[in-house]
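Breakdown of the fold
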Amino acid sequence: MQWQPMKFNVTVDRDEDGVWITECPSIPGCVSQGQTKEEALANIKDAIATCLQVRADLGMPLT
């Protein structure tokens, strides 16, 4: 079986302390952050992969 890459929309905001906050709205609770926008985007990719794995392991819908 060949896997196709999945694409998710994410939100990117900056908080009052200057930290970049990213969230994947289609996966409940999938949030990350970073000191730079690039770091936050890299971190949300890891968070999405982890959230999807946990949801699959628990038999939950992926999104």
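The rules behind each value
- Residues numbered from 1 in each chain as written.
- Predicted model: local features only at pLDDT ≥ 70, side-chain atom pairs only at ≥ 80, totals over all residues.
- Heavy atoms only, no water.
- Helix = DSSP H or I, 4+ residues; strand = E, 2+ residues; numbered from the N terminus.
- Buried < 20%, exposed > 50% of the residue type's maximum accessible area, 1.4 Å probe, protein only.
- Areas by Shrake-Rupley, 256 points an atom, 1.4 Å probe, with all protein chains shown as cover.
- Lys, Arg positive; Asp, Glu negative; His and termini not counted.
- Charge placed at Lys NZ, Arg CZ, Asp CG, Glu CD.
- Core = buried A, V, L, I, M, F, W, Y, C linked by side-chain atoms within 4.5 Å.
- Contact = heavy atoms within 4.5 Å.
- Expected span 1.5 Å × (residues − 1).
- Arc of directions from axis to C-beta.

Before going further, it helps to examine the overall build of the chain. From N to C terminus, the chain includes one helix and three strands. When the helices and strands of the chain are listed from N to C terminus, the series reads β-β-β-α. Viewed in the frame of its principal axes, the chain has a C-alpha envelope of about 40 × 20 × 15 Å. Put simply, the chain has 63 residues, and 25% of those count as buried. Looking at the chain as shown, the accessible area adds up to about 4800 Å², and 53% of this sits on carbon and sulfur atoms. Side-chain charges in the chain split into 5 positive and 9 negative, and the spacing between the mean points of these groups amounts to 10 Å.

This part is about the nonpolar core. One finds Cys24, Ile27, Cys30, Ile44, Ala47, Ile48, Cys51 and Leu52 forming the largest nonpolar core, which totals eight residues. When sequence neighbours within four positions are dropped, the list of residues in contact with Ile48 reads Phe8, Val10, Cys24, Ile27 and Cys30.

The terminal C-alpha atoms of helix α1 (residues 37-57), which comprises 21 residues, lie 30 Å apart, in line with the 30 Å expected from a rise of 1.5 Å per residue. Of the positions making up α1, those classed as buried are Ala40, Ile44, Ala47, Ile48, Cys51, Leu52 and Arg55. For α1, the angular spread of the buried residues around the axis is 135°, confining them to a single face. Exposed and oriented more than 90 degrees from the buried face of α1 are Glu38, Lys45, Asp46 and Asp57. Here the buried face of α1 lies against β2 (20-23) and β3 (31-34). Remark: Gly59 follows α1 within two positions and exhibits a positive phi of approximately 75°.

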